[in-house]
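Structural description and commentary
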Amino acid sequence: MSDYSPTILQGQQTNDDEILAKTPLDAKALGGDSSVVIMELLQRFKVRDVMKRQVLSIPRKATLREAQRILRENHISGLPVSEDGRLYGIISVNDIINGLDHGWMDDTVDMHMASSLVVLEAGMPISFALRYFNNYTYGRFPVLDSNRQLVGIISQRDVMRALLYELSVEIRKLERKTADKVAQPAPPSETHFFRREWAVVHNDLTGAGRAANEIKQLLREKKVDRSVARRIAVAAYELEINICIHSHGGVLVMVISDNAVTITAKDRGPGIPDIEWACRDGTSTANDWIRSLGFGAGMGLSNSKRVADFFEIESEVGKFTKVTCAFNLKKLEAPAGGTAS
Amino acid sequence: MTAAEIAEKVGGTVAVAADGAQATSVYVGDLLSDVMGHAGEDCVLVTIQNHLNTIAVCTLVGCTVLVICHSRPIPPDMAEGAAREGVAVVVTPLSQYAVALALKELPPSTH
Ligand SMILES: Nc1ncnc2c1ncn2[C@@H]1O[C@H](COP(=O)(O)OP(=O)(O)O)[C@@H](O)[C@H]1O
Ligand SMILES: [Mg+2]
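Let us look at the structure shown here. (Residues numbered from 1 in each chain as written. Chains lettered and ligands numbered in written order. Predicted model: local features only at pLDDT ≥ 70, side-chain atom pairs only at ≥ 80, totals over all residues. Heavy atoms only, no water.)

**With respect to the overall build of chain B**
Our working rule: Put simply, DSSP H or I for four residues or longer makes a helix, DSSP E for two residues or longer makes a strand, and each gets a number counted from the N terminus. Only protein chains enter the accessibility calculation, which uses a 1.4 Å probe. A residue is then buried if its area is under 20% of the maximum for its type, exposed if over 50%, and partly exposed in between. Contacts are assigned to residue pairs that have any heavy atoms within 4.5 Å of one another. Computed with the Shrake-Rupley method and a 1.4 Å probe, the accessible areas treat only the protein chains shown as cover for residues.
Tallying secondary structure elements over chain B gives five helices and five strands in all. Scanning chain B from its N terminus toward the C terminus, one meets helices and strands in the order α-β-β-α-β-α-β-α-β-α. For chain B, with 111 residues in total, the buried portion stands at 58%. Sequence separation of at least 24 residues holds for 52% of the intrachain contacts in chain B that already meet a minimum separation of 6. Accessible surface, chain B: about 4400 Å² in total, of which carbon and sulfur atoms supply 55%.

Written out as structure tokens, the structure is:
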């Protein structure tokens, strides 16, 4: 009987020191709010930071019996079937149980492996991985790099371990910060204005559209004209998505005054090098997996500009982007003495 | 047209029902910004985007019925979001163009 020893892909195991050494959170991002800290963590960590890099694997022509031995000896429940970094399938404990049941243990693994696979990309944020674990019943996902090469495997346990570790560090930081904080006077209330602010987190597509939806609801409550409310919601959505997919995170602010609604989106960079290019219809720097979800059509800024009565972008590369859209609530009065046409 | 009627015309099934969801026009699109910019209220949105963000877009522009093509599966968070927001979801094996043909008695959506 031939004896396959499991292939170990190159690369090192991510260790806890590496995780700890990650850049600390931007103090502004904390805003004293622990849920923001958690959201930031979910976005900042990428699948590659958390996955296991030492992936055991088995070639297609190995037998179920050999797969069983590797699974048992390594205390794992699933084994990628791969050759030269190319992933062909996954053989799991369940397949082995079936094999034992039906007397298939001397069959080759490619006859019984799961071959239509859901995979993650190494560059995806951890929030994506969590969403996948939620939406599929699989306990682990193979991880491919941008060249579709198998580079790791990620289980719910890997994600939890890394997050718990990092969270405890962040919580200690927050506690220290709160202790240092001197009570600050409340800002003077702006009686004529209604103002609300939403934190928008980088790559949190699960929450994307939440601020725009709340804005639409608030406008409905405030009895803002339906068609104006819709224009405002369109701009709010596009700017919220832009902070989410293109920036390191930021805020969306709505101010309602007597005669106008202003939506401002401000983020912490990376900024827009060529604003004129970015505002053109159809130009986008969104990556493939963002595009595969229907974002990145390159129409967000032009959509916002079209629906707004006033539109402005300011940006400094490496620092910030600030987009302001304002909407008139009342028709402008005809100038006194003007002739009706 | 109700979601059930739409499901029948496109040979699909109602994956998420919504009380009283009625559609009076159709928009076809897979790019969410395109849908945001052009789809109108009370329309059917025909798309392949089987994820939660599509529901956010439907809620914002006022699409009442979503038709997901090529039998793409509806993930649980999407189904929950649709139920919460009152957006009906129909899943069909047909392509976008075939769905458009099947719904040709409804006018194009504009706003
Ligand atoms: N907040 C932002 N920070 C950095 N770059 C941005 C931001 N918003 C937009 N951009 C840039 O402008 C381009 C065009 O934006 P947009 O018209 O919304 O299209 P899309 O978001 O579909 O790419 C983006 O691809 C990106 O390069
Ligand atoms: Mg955009």
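**Details of the interface of chain B and chain A**
The cut-off we apply is this: The term buried area refers to how much accessible surface (probe radius 1.4 Å) is lost by two components on association, counted for both of them together. Salt bridge criterion: a side-chain nitrogen from Lys or Arg within 4 Å of a carboxyl oxygen from Asp or Glu. N or O atoms within 3.5 Å of each other form a polar contact, as long as, within protein, one can give a hydrogen and the other can take it, and as long as residues adjacent in sequence are counted only when both atoms are side-chain atoms. Three residue categories are used. Nonpolar comprises Ala, Val, Leu, Ile, Met, Phe, Trp, Tyr, Cys and Pro, charged comprises Asp, Glu, Lys and Arg, and polar comprises the others, including Gly.
Contacts between the two partners involve 25 residues from chain B and, on the opposite side, 25 residues from chain A. Counting the surface lost from both chain B and chain A, the interface buries some 2000 Å², and carbon and sulfur atoms represent 49% of this. When residues of chain B are sorted by the area they lose upon contact with chain A, B:Ser33, B:Asn53 and B:Leu60 head the list and together hold 30% of the total. A salt bridge links B:Glu41 to A:Arg226; the nearest nitrogen and oxygen atoms lie 2.4 Å apart. At the boundary of chain B with chain A, the tally comes to 12 residue pairs in polar contact (both at pLDDT 80 or more). Elements with a minimum of two residues in the side of chain B that touches chain A: α2 (32-38), α3 (52-61) and α4 (76-85) of chain B. With seven residues, the single largest contributor to the side of chain B that touches chain A is α3(B). Split into classes, the residues belonging to the side of chain B that touches chain A amount to 11 nonpolar, 10 polar and four charged.

**Quick look at helix α13 (residues 300-307) of chain A**
Burial analysis of α13(A) places six of its eight residues in the buried class, which makes it a mostly covered element. For α13(A), the complete set of buried residues consists of A:Gly300, A:Leu301, A:Ser302, A:Asn303, A:Ser304 and A:Val307.

**Thoughts on the pattern of salt bridges**
All names here are of chain A. Considering all chains together, one arrives at 15 salt bridges over all chains under this definition. Lys52 is the partner of Asp158 in a salt bridge, and the nearest nitrogen-oxygen pair spans 2.7 Å. Taken together, the residues Asp158 in helix α8 (residues 156-180) and Lys52 in the loop between α4 (47-50) and β2 (56-57) connect sequence positions 106 residues apart. A relative accessible area of 5% places Asp158 in the buried class. Of the residues examined, Lys52 reaches a relative accessible area of 33% and is grouped as partly exposed. Taking the shortest distance from any N to any O, the salt bridge between Arg210 and Glu214 comes out at 3.8 Å. Remark: Glu214 and Arg210 occur in helix α9 (residues 210-221); sequence separation between them is four residues, near one turn of the helix. The class of Arg210 is partly exposed, set by a relative accessible area of 43%. By relative accessible area, Glu214 is classed as partly exposed at 31%. Linked through salt bridges whose partners overlap, the residues forming this network are Arg44, Glu166 and Glu170.

**Digging into the sheet that holds strand β6 (residues 140-144) of chain A**
All names here are of chain A. Heads up, the rule is: Here, strands pair whenever DSSP counts at least two bridges between them.
If you walk across this open sheet you meet the three strands as β5-β6-β7, and the pairing is mixed. The two strands at the open ends of the sheet, each matched to only one other strand, are β5 (120-121) and β7 (150-155). As paired strands, β5 and β6 are joined by two bridges and run parallel to one another. When the sheet's bridge partners are listed, Glu121 is paired in β6 with Leu144.

**Things to note about α4(B)**
Residue and element names in this part refer to chain B. Basically, it comes down to this: The arc in question is formed by the directions pointing from the helix axis toward the C-beta atoms.
Those residues of α4 that sit buried are Asp77, Met78, Gly81 and Ala82. Relative to the axis of α4, the buried residues are bounded by an arc of 135 degrees and lie together on one face. Opposite the packed face of α4, turned more than 90 degrees from it, sit the exposed residues Glu80 and Arg84.

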